[in-house]
Amino acid sequence: MSGRSGGLVALGLLLAGFALASAWQPHDPFAIDLASRHAPMSLDHPMGTDHLGRDLLSRIMLGAGNTAMVILIVATLSFGLGSLVGVTAGLAGGVFGTVLIRSAEFVIAVPTLILALTITTLFGLSAVTAGLALGLATWGPYALLAHALTLRTLGQPHVLAARSLGVGRTGVAARHVVPATADTLLTYLASDAGRTVVSYASLAFLGLGAETSQPDWGAMLFEYRGYVFDAPMLLIWPGLAITLTALALNLALEPRAGSSRFLASKEA
Amino acid sequence: MSFIVFSRRCLLAVAGALALLPTLAVAQDGDTMPIRVVSYFAASTLDPHPGGSGWFLQSHGVAETLFWVDDDLTIQPKLATGAEPDGDAWVVSLRPDIRFSDGSPMDAEAVATALSSLNALSPRATGSTGAITATAIDPLRVRIETERPVPVMSAVLAEFPLIMFKPVDDTWIYTGPYVVAEFEPSSRLSLEPNPHYWGQVPAAPVDLRRLQDPQSRVLAIQAGEADFSFNLPPSSLERLAADGLIARSVVTTKTEMLFMNLTRPPLDDQRVRQAIALGIDREMLVDAVGGGLPATSLFHPDFDFAPNEPLPYDPIRAAALLDEAGWALGDDGLRRRDGEVMSLLVRHTTRQPDAITMAPVLQAQLQALGVQVEVRGYESTQPVLDAGEFDLIYFNSNTVPSGDGAFILDQWLRADGPRNHFGYDSAEFEDLMDRLGETREPAARNALLLDISALLEEEVPVTPLFAVEFHMALTPQLADYAAHPSDYFIVRPDMGLVD
């Protein structure tokens, strides 16, 4: 299994695990039981309960599902849109290509969180809107990368030969450009997943337009921040979930020496 | 090793001595150490005209009004001695011994000048009266005419925007127990005792700092950087008490209220609004936020014009009302009418921890009725109210800022009230308010206000949730501090360090 394939499998497994976690929890994550608030860790409540007596593990599990959905939406949108714009700009060239690339540079110039915050403030914050907002705010680097790779591929002797033999732009794109760019773009996509987790948590923490009672990890940090000294575990659990997920994604998906991606990047 | 231990001790001793040097310097100068107060707000200006300025300056012990609401929630004279009707106008008598902080007397001419200035430059000051015309009759009596009839002038003159002041050069001076010595807008005030104060001159200066984050206010007093920390999270009180600090709580005249949007379905139906009000377990809300009193009406239960009994919690009656209104409960636990799910958007501020804590509790209680509930936070209340983007919206406000219940009703619920964003327009309510506006006799006013509370419980443009409790911590030296049941008088003249 290549490094890329292994990474994508790891990403898939993680997302599937998150989806399962959000489909079933040991307790109702919204069930309030004031009599058992701030309950310590136990078999019944492995992570304890919060200030309203809600089971923390169940809330963390439900939050995992939202995080998985955001990663999927962001990955699809930023990878799809960025690749399309970059490859099109490289193939088209001229003024049209320049306009496309300038638009990608504009998106990069605007701070990701500010752009995403503006969108979620206007349309409300849910896993879907956050995914769309972050995706729309992060497609720029994919476009630049795809553009550079496209130009490099178009300059290769075998591509020049194909074009001289009458292969059209669409044929060149399908047979040569897309296969040559996909590997590197997927590597970038994999490395971006960890950042997406943190960005989504930041949006949920800031809470603009958010449904505040939803157990997103970032929203939980916001909701529990008043208990930082009196019940610190309330913050430690969602904090750990964010950190470990981002770390796991980066470790599982990073290029390894010996992998096809690593060698390809070395050769380049 | 003994050398190392000796060195460490020496270092600690030197460090301790250095730390005490400023104290010794102060002691040598004969100055009194300031009382260090941390609060969640600090004045942004010393100008008395902007909206909240009177509240801030009064709360900081700098400015005063002619009347005030005392600790027992009774309107009492302060800079004035009384107010008597004179036809449609009022004649207010002043205390003879009041001086501004520069030593000049606060006579009738000064009061008339201040009121005229507020009338011209502060729309909030004239919210209850319309235009004010104030003229000095003699040095100790002012005649006040108002655009709208005023049944209780002492209550109007207890409103915080009507603080007394005197413009001097480019600034303003006041009559309060403290004088502003140093000022950093919205951040810090250094307050010195006012030597010309008419009452007990404070024993010590005050250094007031604003720390917006509640945990920062807890840490400040825990770390010994404050003597008095105001508006703390209830969860911190036990820890602070264990550290030898005095933890104190006071139920205030602020009421947490759930307003309803009557301009659109389903809350345009009175039965649905009644069901919402009956479906809220206020005891549980109070338990969840860690303090307060379940509401009996919009007013603090200790006022004479507030009902005694808490508002009922009756989910069975609530369900029956929803059935009656055509919202049938489905197998999925949701109510529908003509195939449409009953759905409510609840909005709340994200700036107050209590509001965030309440959100899931309120959501669960409404869901138990079969209502689909989306709860969304906001940074600022006014834009949400202006846009009408809510079905239910909750926030707290001091409902009796001047000791009389008419204020909030005029502002928030009158059909033409400046803060009626809810589409409430009731002929019966308007009639009762008109009668209240013409009634001066206290017992008759109380009876009318009780009638109005009963009407509001029936028509439900708003349902009160609970009286808000403030929590604070003090060092043992401030053990005698008496907390006012509001945040209008935090820095007080009798606040002093005791041995």
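On a predicted model such as this, the values are computed, not experimentally measured, just so you know. (Residues numbered from 1 in each chain as written. Chains lettered and ligands numbered in written order. Predicted model: local features only at pLDDT ≥ 70, side-chain atom pairs only at ≥ 80, totals over all residues. Heavy atoms only, no water.)

Draft legend 1. Representation of the pairing of strand E22 (residues 462-474) of chain B within the structure. All names here are of chain B. The buried count for E22 comes to 13 of 13 residues, which makes it a mostly enclosed element. One ladder, built from three bridges, connects strand E13 (residues 228-230) with E22; its direction is antiparallel. Paired with Ser229 across the strands is Ala473, a residue of E22. Relative to E22, strand E14 (residues 246-260) runs antiparallel, the two sharing eleven bridges. For Val250, the partnering residue across the bridge sits in E22 and is Phe470. (Buried < 20%, exposed > 50% of the residue type's maximum accessible area, 1.4 Å probe, protein only. Helix = DSSP H or I, 4+ residues; strand = E, 2+ residues; numbered from the N terminus. Pairing = 2+ DSSP bridges.)

Draft legend 2. Layout of the packing of aromatic side chains. All names here are of chain B. Following the criterion strictly, the structure yields 26 aromatic pairs over all chains and no others. An angle of 85° between the planes, with centres 6.2 Å apart, marks the rings of Phe228 and Phe230 as edge-to-face. Taken individually, Phe228 and Phe230 each receive the classification buried, so the pair is uniform in this respect. By way of ring pairs, the aromatic residues Tyr40, Phe41, Trp55, Phe56, Phe160, Phe228, Phe230, Phe470, Tyr481 and Tyr488 are connected into one cluster. (Phe/Tyr/Trp six-rings, centres within 6.5 Å; stacked < 30°, edge-to-face > 60°.)

Draft legend 3. Summary view of the side chain of Ser486 of chain B. Residues and elements named next belong to chain B. Along the chain, the position of Ser486 falls in the segment after E22. Assessed through its relative accessible area of 4%, Ser486 is described here as buried. Within the structure, Ser486 has its side chain in polar contact with the backbone nitrogen of Tyr488 (distance 2.9 Å). If sequence neighbours within four positions are ignored, Ser486 has contacts with Phe230, Thr252, Thr253, Asn398 and Phe470. (Polar contact = N/O pair within 3.5 Å; in protein donor to acceptor, adjacent residues only side chain to side chain. Contact = heavy atoms within 4.5 Å.)

Draft legend 4. Up close: the domain arrangement of chain B. Residues and elements named next belong to chain B. According to the domain assignment, chain B consists of domain 1 (32-53 + 176-245 + 475-499), domain 2 (64-170) and domain 3 (251-469). Between the C-alpha centres of domain 1 and domain 3 the distance comes to 33 Å. Contacts between domain 1 and domain 3 engage seven residues on the former and nine residues on the latter. For the pair domain 1 and domain 3, the two sides together bury roughly 560 Å², of which 55% comes from carbon and sulfur. Three residues, Pro234, Pro485 and Tyr488, lead the burial of domain 1 against domain 3; their summed loss comes to 64% of the area buried on that side. Between Asp487 and Lys254 there is a salt bridge; the shortest N-O distance is 3.8 Å. Run the count over domain 1 and domain 3 and you get two residue pairs in polar contact (both at pLDDT 80 or more). Class assignment of the residues belonging to the side of domain 1 that touches domain 3 gives a composition of five nonpolar, one polar and one charged. (Domains from an automatic or database assignment. Buried area = accessible area lost by both parts, 1.4 Å probe. Salt bridge = Lys/Arg side-chain N within 4 Å of Asp/Glu carboxyl O. Nonpolar A, V, L, I, M, F, W, Y, C, P; charged D, E, K, R; others polar.)

Draft legend 5. View of the sheet that holds strand E18 (residues 340-341) of chain B. Residues and elements named next belong to chain B. Taken together, the three strands give an open sheet; going across it, the order is E16-E17-E18, and neighbouring strands pair in antiparallel fashion. Both outer strands of the open sheet, strand E16 (328-329) and E18, are each paired with one neighbouring strand and no more. As paired strands, strand E17 (residues 335-337) and E18 are joined by two bridges and run antiparallel to one another. Looking at E18, one finds that Arg337 is bridged to Glu340.

Draft legend 6. Region of the structure containing the nonpolar core. Residues and elements named next belong to chain B. Among the nonpolar cores identified, the biggest contains 74 residues, and Ile276, Phe299, Leu409 and Leu413 are the most heavily contacted of them. When residues of this core are assigned to their parent elements, the largest contribution, six residues, is made by helix H10 (residues 353-367). The contacts of Ile276, once residues within four sequence positions are left out, are Leu258, Met260, Leu267, Leu344, Leu366, Leu369 and Leu392. Listed in part, the 67 residues of the second largest apolar core include Trp55, Val92, Ile490 and Val491. (Core = buried A, V, L, I, M, F, W, Y, C linked by side-chain atoms within 4.5 Å.)

Draft legend 7. Highlighting the interface of chain A and chain B. The interface is formed by 20 residues belonging to chain A together with 23 residues belonging to chain B. When the two sides are added together, the surface that chain A and chain B hide from each other amounts to roughly 1900 Å², 57% of it contributed by carbon and sulfur. Linking chain A with chain B are two salt bridges. A salt bridge links Asp287 of chain B to Arg37 of chain A; the shortest N-O distance between them is 2.4 Å. Across the contact surface, chain A and chain B share four residue pairs in polar contact (both at pLDDT 80 or more). In terms of residue class, the side of chain A that touches chain B is built from nine nonpolar, five polar and six charged.

Draft legend 8. Main features of the pattern of salt bridges. Under the criterion given, the structure shown has 29 salt bridges over all chains. The partner of Arg188 of chain B in a salt bridge is Glu184 of chain B, and the shortest N-O contact between them spans 3.7 Å. The structure contains a network of salt bridges with shared partners spanning Asp50, Arg54, Arg59 and Glu223 of chain A.

Draft legend 9. Seen up close, the sheet that holds strand E5 (residues 89-94) of chain B. Residues and elements named next belong to chain B. Pairing is antiparallel in the open sheet, where four strands are placed in the order E4-E5-E7-E6. Two strands lie at the open edges of the sheet, namely strand E4 (80-86) and strand E6 (132-138), each paired on one side alone. Going from strand to strand, the sheet's axes swing by 25° on average, the running direction of each strand aside. Running at roughly 175° to E6, helix H3 (residues 108-121) makes contact with E5, E6 and strand E7 (141-146) of the sheet. (Axes fitted to C-alpha atoms, helices over the stretch in contact; angles between N-to-C directions.)

Draft legend 10. Focus on the pairing of strand E12 (residues 206-210) of chain B. Across five bridges, strand E1 (residues 35-39) of chain B lies against E12 of chain B in parallel orientation. Across the sheet, the residue bridging to Ile35 of chain B is Val206 of chain B, located in E12 of chain B.

Draft legend 11. Up close: the environment of Pro485 of chain B. Residues and elements named next belong to chain B. Take Pro485: it is sitting in the segment after E22. Between the C-alpha atoms of Pro485 and Glu469, which are 16 residues apart in sequence, the distance is 8.6 Å. When sequence neighbours within four positions are dropped, the list of residues in contact with Pro485 reads Asp71, Leu73, Val250, Val251, Thr252 and Thr253.

Draft legend 12. View of the packing of helix H8 (residues 282-289) of chain B against H10 of chain B. All names here are of chain B. Relative to each other, H8 and H10 sit at 145°, their axes nearing to 9 Å. Where H8 crosses over H10, the two elements pack in a sense that is right-handed. Seen from H8, the contacting residues are Met284, Leu285, Ala288 and Val289; seen from H10, they are Asp354, Thr357, Met358, Val361, Leu362 and Gln365. Split into classes, the residues belonging to the contact of H8 with H10 amount to seven nonpolar, two polar and one charged. (Left-handed = near helix turned anticlockwise from the far one by under 90°.)

Draft legend 13. Structural context of helix H14 (residues 442-459) of chain B. All names here are of chain B. With 18 residues, H14 extends 25 Å from end C-alpha to end C-alpha; this agrees with the ideal 26 Å at 1.5 Å per step. Residues of H14 that are buried include every one of Arg445, Asn446, Leu448, Leu449, Ile452, Ser453, Leu455, Leu456 and Glu459, and no others. Looking at the packing, one finds that the buried side of H14 touches helix H7 (270-278), helix H12 (406-413), helix H13 (427-438) and E22. The positive-phi residue at the C-terminal boundary of H14 is Val460, with phi of around 50°. (Expected span 1.5 Å × (residues − 1).)

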